[in-house]
There are 2 protein chains.
Amino acid sequence: MSNPLNLDIFFHPKSIAVVGTPSETPKGKWPGMYGCIVENGYTGTLYPINPKATEVGSRKAYPNLTSLPVVADLVILSVPAPFVPDILRECAATGHKNIHIFTAGFKETGEPEGLQLQEEIETIAREHELRVIGPNCMGVFVPKIKMATWVDPPDAIGRVAFLSQSGGHAQDFTNYGAKLGLGYSKVVSYGNALTLDAPDFLEYLAEDPDTDIIAMYLEGASDGRRLLETVRKVNQLKPVVILKAGLTESGTRAVASHTGSLAGKTHIWDAFFRQTGAIQVQSLQEMAHTVLALQHFKTAEGNGVAVLGVGGGVGVEAADACSRAGLGLPDLSDSVRQKLREYVGPAGNMIRNPIDAFVILLDFGLLSKTLDIISAEACFDMFILSIHLDWLFDIDAGAHLPRMTEYLIKTAHRHLNGKPLAVCWRTLRQNPKIEKQGLQFEKALLAAGIPVYRDLNQTAGALSRFTAYHQLKKQLCN
Amino acid sequence: MSNPLNLDIFFHPKSIAVVGTPSETPKGKWPGMYGCIVENGYTGTLYPINPKATEVGSRKAYPNLTSLPVVADLVILSVPAPFVPDILRECAATGHKNIHIFTAGFKETGEPEGLQLQEEIETIAREHELRVIGPNCMGVFVPKIKMATWVDPPDAIGRVAFLSQSGGHAQDFTNYGAKLGLGYSKVVSYGNALTLDAPDFLEYLAEDPDTDIIAMYLEGASDGRRLLETVRKVNQLKPVVILKAGLTESGTRAVASHTGSLAGKTHIWDAFFRQTGAIQVQSLQEMAHTVLALQHFKTAEGNGVAVLGVGGGVGVEAADACSRAGLGLPDLSDSVRQKLREYVGPAGNMIRNPIDAFVILLDFGLLSKTLDIISAEACFDMFILSIHLDWLFDIDAGAHLPRMTEYLIKTAHRHLNGKPLAVCWRTLRQNPKIEKQGLQFEKALLAAGIPVYRDLNQTAGALSRFTAYHQLKKQLCN
């Protein structure tokens, strides 16, 4: 795979010029592109461009790109839409090739003026071979170099890339994922996709040594065939997880109004996912949960899950969730049941799969024994441990859960026979202490590389998509 | 509808005997049935039954039911399963008719001993016309009389009843719902449903003056025809919301193992919901969200929603969520668009449905104007207001959201033309101040009778089920 566009400079710009920098950062309002880049601690050289100011903050301001002492690695346009064509021409004249147009008011408005403006800037960009991210987008976020154009991005460096046609979703996904311990290599909000589109970024990320997993929020594709071919290739190298929006009638209309994209029909996208092997998700949360499983689990042989936990209703819920997600939930064999029956009484417990047995969660020796017995069975490929904090919290006045945390981090993996284990926890009681302990539990497990979820549907869904990815990848490879 | 079983005494017992009360409450462990009832502040008379103790806590203990000075209104059995038949015989001999069997270890074990024990106790109960809740369940929770058999129930009196075959779910649902401001009239965890089954409780609740809405967690039904007839009748009087578990292959097996129930086939239950008009939900959370809409909204003419908010990606998400949930999302007419266009610019906004326009959320005069314009249109039956706290929080250094809270509580309803408005909020940023303000916002709105959700799928799902209920009810009534 080639990378003819040399996009690297977008992600490591040594200098950035921001055209349309206000002379002062407005108080109590959104600080704007330039203000955000400063606040977030970008360490390269910044050139504020403002025709009326000589200084912005402590930095020298320039009236235009022509007056800059150098050619900036990246130019950001944050001016009203009618000014954009002339500034693009100035970019071309001054040798600025890498451009992020933040400005909105183009094709997505559906109004004649916006449509005409988008045509005009597309012509300029193609004629002068400008590399344009946008318009109508937030541009690039690279935690490693503290480069971000919005307020309060997460300080989360890692190996997940995110391509998003929505700037808001770029913020929401990176914030949500950061709470699950995800970190990011490169994030791009690319809006209307004037010249640079998803396939261009995918080709770049496929070769990016900092990226292991690629997540995408997609509204439409200007060249569906190229997108399909690119995703199919890239997905063999690195998992590609896609939230395709606008697959409903109302969604199609909203997509046109948001980024001027053509959403496409459901059956076309169904074929797209079958043919590429990319992982389809329905929400940003599902995306983060799936990435979490992909990040921590290498591979699974099959989709058979054993669920351990406490609570009969919760066990039924787990069974329904696994079935609905397409996971297998093999029943325990008679010999396994007999082995468990030696230390689990029949009253108040379920010695099936899911296993509902308080005693196993209270006595870690028995938990290890149970994991040993089950992980030895070929039909089980992975584990879900379902933890109801509301019932475990009161044990030993709050001392049990920290012990379980330690057990799961230090000991459990020795009894899994190399099979993945995900943890799902819940608390519903109105007791802030339980919630606090739950968050500590979650944080410690995530730091130790154990995927943690808060809902059984989330858990089952993430594991199912993780296993489906590996199965489909093998099929498509053959 | 008659109520021949006179179940009222279960919900207002003046005296309770707990057979199998330990002489001391175990420290750092679950305090047991008796311990919980005491801790939760039940104000009636309690009779601890323990053959070896003369006193439990400060109360006189009795060796058995025969030695009690009175016939207790309710007897709770918390003894090992093999002792249950003899105690039931003692109940019959001493005139105790109202019995809750907490004890597990019967049909649900699938083991010969348990099956035989359940047959035995069923014979005794039928012969002596005992009214039995259980076995294998948590029994009754009535906030108004501080009667509960588990730890830390919510202090939430209200008009929602909950029938549950799972004791854990009775706890989880009431805890979760309480956070949304739901309160409860009567809650019953009835486990294996030996003699008293869902239809019995439904007939009682249909006539209960304290109950407006009935929620149910159902694993199986011993008499499907009777359940269908009862739900159909009751649902015309009070909405019945049902989480039917075990509708997957694995779920069916788990249900058998949990309460010994037959889950039944999916197509049978599909027909059940069509014929009864009851509202089907897939999780306890969905149940609470649906009950919230039913509680605060009286009725809706149709299912056309207008979505107002900020964020293009969020707008697309809202559109997809509404479409998937089966809600209509009529586009704005040209004349409405023209009216909005007078104060909403085309750049960075979506003047469609969903409407994405920051200015409308910043200026409450414009918000009122927008609500006036849209609520006057016949095609819109209700509103979703989508609030992204991460973007609103920084406005005026945190002062904007409290103003919006006040606006929504005091002013918005004057501009709705009597149409329902639900609010959906989110915060993803790792800023505890935003979360805190969000929770205050949520609490204030809920207290003012405005349903609040945290996810667009939740919101759309709840509104869709709410409108479908009213539509189906009308059809079935004709």
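Residues numbered from 1 in each chain as written. Chains lettered and ligands numbered in written order. Predicted model: local features only at pLDDT ≥ 70, side-chain atom pairs only at ≥ 80, totals over all residues. Heavy atoms only, no water.

Participant: I keep staring at the side chain of Ser283 of chain A and nothing clicks. Help me out?
Facilitator: Residue and element names in this part refer to chain A. Position of Ser283 relative to the elements: it lies in the loop between strand 13 (279-281) and helix 10 (284-296). Accessibility expressed as a relative area gives 17% for Ser283, which makes it buried. Within the structure, the side chain of Ser283 is placed 3.1 Å from the backbone nitrogen of Glu286, a separation counted as a polar contact. (Helix = DSSP H or I, 4+ residues; strand = E, 2+ residues; numbered from the N terminus. Buried < 20%, exposed > 50% of the residue type's maximum accessible area, 1.4 Å probe, protein only. Polar contact = N/O pair within 3.5 Å; in protein donor to acceptor, adjacent residues only side chain to side chain.)

Participant: Please explain the relation of the copies chain A and chain B as it appears in this structure.
Facilitator: Mapping between the two chain copies consists of a rotation about an axis together with a translation along that axis. Superposition of chain A onto chain B requires a rotation of 180° combined with a translation of 0.0 Å along the rotation axis, giving an RMSD of 0.0 Å. On the angle and the small slide along the axis, the relation comes out as a two-fold axis. Taken as a fraction of all interface residues of chain A, those also at the interface in chain B reach 100%, which identifies the copy contact as same-surface. (Least-squares fit on C-alpha atoms with pLDDT ≥ 70 in both. Contact = heavy atoms within 4.5 Å.)

Participant: Would you take a moment to explain the pattern of salt bridges for this structure?
Facilitator: Residues and elements named next belong to chain A. Taken as a whole and judged by the stated rule, the model has 44 salt bridges over all chains. Where Asp212 meets Arg159, a salt bridge forms, and the shortest distance between an N and an O atom there is 2.7 Å. With Asp212 in the loop between helix 6 (198-207) and strand 11 (213-218) and Arg159 in strand 9 (residues 157-164), the pair connects residues that are 53 residues apart, well separated along the chain. Relative accessible area serves as the criterion here: at 37%, Arg159 is assigned to the partly exposed category. (Salt bridge = Lys/Arg side-chain N within 4 Å of Asp/Glu carboxyl O.)

Participant: Got a minute to help me understand the environment of Ser67 of chain A in this structure?
Facilitator: Mapped onto the elements of the fold, Ser67 of chain A is located in the loop between strand 4 (59-60) and strand 5 (74-77). Through-space distance from the C-alpha of Ser67 of chain A to that of Ile49 of chain A is 9.5 Å; in sequence the pair is 18 residues apart.

Participant: I'm lost on the interface of chain A and chain B in this one. Help?
Facilitator: Size of an interface: often given as the accessible area lost when the parts come together. Each side of the interface is counted separately: chain A has 66 residues, and chain B has 66 residues. In this assembly, chain A packs against chain B so that about 5100 Å² is buried in total across both faces, 48% of it on carbon and sulfur atoms. Taking the shortest distance from any N to any O, the salt bridge between Arg429 of chain A and Asp152 of chain B comes out at 2.9 Å. Counting across the interface, chain A meets chain B through 30 residue pairs in polar contact (both at pLDDT 80 or more). Secondary structure elements with two or more residues in the side of chain A that touches chain B: helix 5 (167-179), helix 8 (249-259), helix 11 (312-325) and helix 15 (389-392) of chain A. When residues in the side of chain A that touches chain B are grouped by element, the largest group, 10 residues, is from helix 11 of chain A. Counted by class, the side of chain A that touches chain B contains 22 nonpolar, 25 polar and 19 charged residues. (Buried area = accessible area lost by both parts, 1.4 Å probe. Nonpolar A, V, L, I, M, F, W, Y, C, P; charged D, E, K, R; others polar.)

Participant: Help me out: how do you make sense of the pairing of strand 1 (residues 15-19) of chain A in this one?
Facilitator: A regular strand places its side chains so that they alternate between the two faces of the sheet. Residue and element names in this part refer to chain A. Counting buried positions along strand 1 yields 5 of 5 residues, so the element is predominantly enclosed. Residues of strand 1 alternate between two faces, with Ser15, Ala17 and Val19 on one and Ile16 and Val18 on the opposite face, all of them buried. Here strand 1 runs beside strand 2 (residues 45-49); their pairing, made up of 5 bridges, is parallel. Along strand 2, the bridge assignment pairs Ala17 with Tyr47. Handedness of the crossover joining strand 1 and strand 2 through helix 2 (residues 32-39): right-handed. (Pairing = 2+ DSSP bridges. Right-handed = clockwise from strand over helix to strand, strands pointing away.)

Participant: Quick question: what am I supposed to make of helix 18 (residues 456-477) of chain A here?
Facilitator: Side chains of residues three or four places apart in an α-helix project in the same direction, reflecting 3.6 residues per turn. Residues and elements named next belong to chain A. Look at helix 18: 32 Å from first C-alpha to last across 22 residues, which is about the 32 Å you get at 1.5 Å a residue. Three or more residues of helix 18 are buried, namely Leu456, Thr459, Ala460, Gly461, Ala462, Leu463, Ser464, Arg465, Phe466, Thr467, Tyr469 and His470. Measuring from the backbone nitrogen of Asn457 back to the side-chain oxygen at the start of helix 18 gives 2.7 Å, which picks out Asp455 as the cap. (Expected span 1.5 Å × (residues − 1).)

Participant: Could you clarify how one ought to interpret the packing of helix 6 of chain A against helix 7 (residues 224-237) of chain A in this entry?
Facilitator: For any two helices packed against each other, one specifies the crossing angle of their axes together with the interaxial distance. Residues and elements named next belong to chain A. Between helix 6 and helix 7, the least distance of the axes is 9 Å, while the angle of their chain directions is 20°. Of the possible angle classes, the one that applies to helix 6 and helix 7 is roughly parallel. When the axes of helix 6 and helix 7 are compared, the crossing they make is left-handed. Residues Ala198, Pro199, Asp200, Leu202, Glu203 and Ala206 of helix 6 touch helix 7, and the partners they reach there are Arg226, Leu227, Thr230, Val231, Val234 and Leu237. (Axes fitted to C-alpha atoms, helices over the stretch in contact; angles between N-to-C directions. Parallel < 35°, antiparallel > 145°, perpendicular 65-115°, else oblique. Left-handed = near helix turned anticlockwise from the far one by under 90°.)

Participant: Help me understand the packing of aromatic side chains in this model?
Facilitator: For any two aromatic rings, the description comes down to two numbers: the centre-to-centre distance and the angle of the planes. All names here are of chain A. Under the criterion given, the structure shown has 22 aromatic pairs over all chains. Ring centres of Phe141 and Trp150 lie 5.3 Å apart, and the angle between their planes is 65°; on these two criteria the pair is classed as edge-to-face. Considered together, Phe141 and Trp150 belong to a single accessibility category, that of buried residues. Each residue in the set Phe162, Phe173 and Tyr184 is aromatic and connected to the rest through ring pairs, giving one cluster. Cation over ring: Lys60 sits above Tyr62, and NZ or CZ is 4.9 Å from the ring centre. (Phe/Tyr/Trp six-rings, centres within 6.5 Å; stacked < 30°, edge-to-face > 60°. Lys NZ or Arg CZ within 6 Å of the ring centre and 35° of its normal.)

Participant: Honestly, the packing of helix 16 (residues 400-410) of chain A against helix 17 (residues 432-447) of chain A in this entry has me stumped. Any pointers?
Facilitator: Residue and element names in this part refer to chain A. Helix 17 packs onto helix 16 with a crossing angle of 10° between their chain directions and a minimal axis gap of 10 Å. Considering the angle they form, helix 16 stands roughly parallel to helix 17. Here Leu401, Pro402, Met404, Thr405, Leu408 and Ile409 of helix 16 lie close against helix 17, whose contacting residues are Gln437, Phe441, Ala444 and Leu445. For the contact of helix 16 with helix 17, the residue count by class is 8 nonpolar, 2 polar and no charged.

Participant: In this structure, what is going on with the confidence of the model for chain A? I would like to understand it.
Facilitator: For residues with low pLDDT, the predicted coordinates do not support detailed interpretation. In the predicted model, chain A carries a mean pLDDT of 94, and the fraction of residues at 70 or more is 99%. Here the predicted complex scores 0.95 on pTM and 0.93 on ipTM. (pLDDT = per-residue confidence, 0-100.)

Participant: Honestly, the sheet that holds strand 14 (residues 305-309) of chain B in this entry has me stumped. Any pointers?
Facilitator: Within a sheet, each strand pairs with its neighbour through backbone hydrogen bonds, oriented either parallel or antiparallel. Residues and elements named next belong to chain B. Strand order in this open sheet of 6 strands is 15-16-14-17-18-19, and the pairing throughout is mixed. Sheet topology places strand 15 (350-351) and strand 19 (452-453) at the edges, where each strand pairs with a single neighbour. Along the sheet face, helix 18 (residues 456-477) touches strand 17 (382-388), strand 18 (421-426) and strand 19 and points at about 165° away from the line of strand 17.

Participant: It is not clear to me how helix 14 (residues 364-375) of chain A should be interpreted in this structure. Could you clarify?
Facilitator: All names here are of chain A. An ideal rise of 1.5 Å per residue puts 16 Å on 12 residues; helix 14 measures up with 16 Å between its terminal C-alpha atoms. Burial of helix 14 is extensive: 9 of the 12 residues sit out of reach of the surface. Three or more residues of helix 14 are buried, namely Phe364, Leu366, Leu367, Ser368, Thr370, Leu371, Ile373, Ile374 and Ser375. Residues of helix 14 that are buried sit in contact with strand 14 (305-309), helix 12 (334-341), strand 16 (355-356), helix 13 (358-362), strand 17 (382-388) and helix 16.

Participant: I'm lost on the nonpolar core in this one. Help?
Facilitator: It is characteristic of soluble globular proteins that their nonpolar side chains tend to be buried jointly. Core analysis: the largest hydrophobic core is formed by 292 residues, its most contacted members being Ile387 and Leu408 of chain A together with Ile387 and Leu408 of chain B. If we ignore the near neighbours within four places in the chain, the residues touching Leu408 of chain B are Leu385, Leu421, Val423, Phe441, Leu445 and Ile450 of chain B. (Core = buried A, V, L, I, M, F, W, Y, C linked by side-chain atoms within 4.5 Å.)

Participant: Honestly, the sheet that holds strand 12 (residues 240-244) of chain B in this entry has me stumped. Any pointers?
Facilitator: All names here are of chain B. Pairing within the open sheet is mixed, and its 6 strands lie in the order 8-10-9-11-12-13. A single partner strand is all that each edge strand has here, and the edge strands are strand 8 (139-141) and strand 13 (279-281). Direction aside, neighbouring strands of the sheet carry axes that sit 20° apart on average. The pairing of strand 9 (residues 157-164) with strand 11 (residues 213-218) spans 5 bridges and is classified as parallel. The residue of strand 11 that forms the bridge with Phe162 is Ala215.

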